[in-house]
Amino acid sequence: MARNKTVLCLMAHPDDAEILSGGTLALLAQQGWDVVIATMTPGQAGSTTLGPDEISTVRRQEAADAAALLGGNYRCVESEDVFILYDKPTLQNVIVLFRQVNPALVITASPTDYMLDHEITSQLAQTACMAATIPNIRIEGTAPIQQVPHLYYADAIQGKDRLGQSIAANILIDISSVMPLKEAMLCCHKSQRAWLQKISGVDEYVIMMKEFSAQNGARVGCEYAEGYRQHLGFSYPQDDLLKNELAEWTHERR
């Protein structure tokens, strides 16, 4: 079992966590977990009408509002959209985040996805899980965490890689009971919802999220589901913490 009950969901941009993992985070919160949603960027590129600083301020608040619906907190690593890098300064910032939050469970982006911001975020999270425990990786003001967190990869956007090929999750969490909360979290991101409504003329932002969740749900006979794969490489935890904590809602597909 977990040494504590803190889950860190680290994604690239504001709204990624809500689209891909909002339901699972809601279920964990209901089971007494402390939820921290973090993004690599504040989403400074996400507007055609506001400048980078203005939209970043808006989107940080939207992300904090979404996390607050779960009684959770929001953190930003303060990288930039399109310029998330796997380099020493960025990785140090992520390690600091992990040491400050001290999560037992980490959810991050798919290692293969439609854009590199997501893929590099996934790599940073993978390394930080282990690096945060290493005493000789010295970062002033931080102390190593005691155990490598359990690490899970959420679905790629729309469940496809950069070539349009399906990436099938083998762990599916039934989020049907918390879909209204997941939708409310996503709707906190008003700037993105309005932007896409203006472009498409429909509320595609929420519709696409629900349609993909329904596709996952159909795989395991429920209305809505979110998909995951666990990182099971050497020295990472091998037991399925997500299943242990959410056994009632977990379905496995091999």
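What comes next is a walk through the structure.

Thresholds applied
Residues numbered from 1 in each chain as written. Predicted model: local features only at pLDDT ≥ 70, side-chain atom pairs only at ≥ 80, totals over all residues. Heavy atoms only, no water. Salt bridge = Lys/Arg side-chain N within 4 Å of Asp/Glu carboxyl O. Helix = DSSP H or I, 4+ residues; strand = E, 2+ residues; numbered from the N terminus. Buried < 20%, exposed > 50% of the residue type's maximum accessible area, 1.4 Å probe, protein only. Right-handed = clockwise from strand over helix to strand, strands pointing away. Pairing = 2+ DSSP bridges. Core = buried A, V, L, I, M, F, W, Y, C linked by side-chain atoms within 4.5 Å. Contact = heavy atoms within 4.5 Å. Expected span 1.5 Å × (residues − 1). Arc of directions from axis to C-beta. Axes fitted to C-alpha atoms, helices over the stretch in contact; angles between N-to-C directions.

Topic: the pattern of salt bridges
And step 1. Going through the model one piece at a time under the given rule, you end up with 7 salt bridges.
And step 2. Where Lys182 meets Glu226, a salt bridge forms, and the shortest distance between an N and an O atom there is 2.6 Å. With Lys182 in helix α5 (residues 179-187) and Glu226 in strand β7 (residues 225-230), the pair connects residues that are 44 residues apart, well separated along the chain. Note on accessibility: Lys182 and Glu226 belong to one class, buried.

What to know about the pairing of strand β1 (residues 6-11)
And step 1. Taking burial as the measure, the 6 residues of β1 include 6 buried ones, the bulk of the element.
And step 2. Going residue by residue along β1, you find Thr6, Leu8 and Leu10 tucked away on one face and Val7, Cys9 and Met11 tucked away on the opposite face as well.
And step 3. For the crossover that starts at β1, traverses helix α1 (residues 16-30) and ends in the parallel strand β2 (residues 34-39), the hand is right-handed.
And step 4. Here β1 pairs with strand β4 (residues 105-108) via 4 bridges, running parallel. Bridge pairing in β4 links Val7 to Leu105.

A closer look at unusual backbone geometry
And step 1. Phi is positive for Asn102, which is not a glycine, with a value near 55 degrees.
And step 2. Counting through the fold element by element, Asn102 comes out in the loop between α3 (88-101) and β4.
And step 3. Under the relative-accessibility criterion, Asn102 is labelled partly exposed at 28%.

Looking at the nonpolar core
And step 1. By size, the foremost hydrophobic cluster in this structure holds 41 residues, and its most contacted members are Ile107 and Ile173.
And step 2. If we skip the residues at most four places from it in the chain, Ile107 touches Val7, Leu8, Cys9, Leu10, Met11, Ser21, Thr24, Leu25, Tyr152, Ala154 and Tyr228.

As for the side chain of His118
And step 1. Mapped onto the elements, His118 comes out in helix α4 (residues 116-131).
And step 2. Given the relative accessible area of 2%, His118 is considered buried.
And step 3. Among all residues touching His118, those that are not within four sequence positions of it are Ala12, His13, Asp16, Ala109, Ser110, Asp113 and Ile157.

Regarding helix α7 (residues 204-220)
And step 1. End to end, α7 covers 25 Å across 17 residues, agreeing with the expected 24 Å (1.5 Å per residue, within 8%).
And step 2. When we look at burial in α7, the residues that qualify are Tyr205, Val206, Met209, Phe212, Ser213, Asn216, Gly217 and Val220. Projected down its long axis, α7 shows its buried positions confined to an angular sector of 145 degrees, all on one face.
And step 3. Gly221, located one to two residues past α7, shows a positive phi value of around 75 degrees.

Let's talk about the sheet that holds β1
And step 1. Taken together, 8 strands build an open sheet; the order of strands is β3-β2-β1-β4-β5-β7-β6-β8 and the sheet is mixed. Each edge of the sheet is formed by a strand with only one pairing partner; in this case those strands are β3 (73-76) and β8 (250-252). Recorded for the sheet is a direction-independent mean angle of 30 degrees between the axes of neighbouring strands.
And step 2. Sheet analysis places β1 next to β2, joined by 6 bridges and oriented parallel.

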